[in-house]
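Observations on the model geometry
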Amino acid sequence: MKTEGIIIFDREEKEWKLWVGHCDYWIQQGYSFELLIRNQYFQAFLEKDLDWFITLVDEVKLVLHINEVYKVRVELENFIKVSDPI
């Protein structure tokens, strides 16, 4: 089952975090999620080169802006809470 959340940039750790409700989750390169664009969800993959970006279907690449909040939909069981021991 898909869960709605957001991804935002953590300036202290210099990485993206997934937030669902009041809980944050690790999200790293290669993780997949659905990104909301104009009321439609698209399958996306998080990647990093010089900048953080996502790849959508057909190799469309979008650079993520660290000041933006992105609405996403995820399979939450594929993510680990930040506070959970590894």
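Heads up: the structure comes first, above all this text.
These numbers were taken from a predicted model, which means no experiment stands behind them.

Another point: the sheet that holds strand S5 (residues 40-48). Across a sheet, paired strands are connected by hydrogen bonds in the backbone, their directions being either parallel or antiparallel. The sheet built from eight strands is open, its strands ordered S3-S2-S1-S8-S4-S5-S6-S7 with antiparallel pairing. A strand with exactly one partner marks an edge of an open sheet, and here the two such strands are strand S3 (23-26) and strand S7 (60-63). For this sheet the average axis-to-axis angle between neighbouring strands, irrespective of direction, equals 40°. Across two bridges, strand S4 (residues 32-37) lies against strand S8 (residues 70-74) in antiparallel orientation. Note that in S8 the partner of Leu 35 across the bridge is Val 72.

This part covers the pattern of salt bridges. As enumerated under the stated definition, the model contains six salt bridges in all. Note that Glu 13 and Lys 17 form a salt bridge whose closest N and O atoms lie 3.5 Å from each other. Judged by its relative accessible area of 3%, Lys 17 is buried. Taken together, the shared-partner salt bridges in this structure form one network comprising Lys 2, Glu 34, Arg 73 and Glu 75.

Scoring rules and cut-offs
- Residues numbered from 1 in each chain as written.
- Predicted model: local features only at pLDDT ≥ 70, side-chain atom pairs only at ≥ 80, totals over all residues.
- Heavy atoms only, no water.
- Pairing = 2+ DSSP bridges.
- Helix = DSSP H or I, 4+ residues; strand = E, 2+ residues; numbered from the N terminus.
- Axes fitted to C-alpha atoms, helices over the stretch in contact; angles between N-to-C directions.
- Salt bridge = Lys/Arg side-chain N within 4 Å of Asp/Glu carboxyl O.
- Buried < 20%, exposed > 50% of the residue type's maximum accessible area, 1.4 Å probe, protein only.

Remember that the coordinates give geometry; whether it matters functionally is a separate question.
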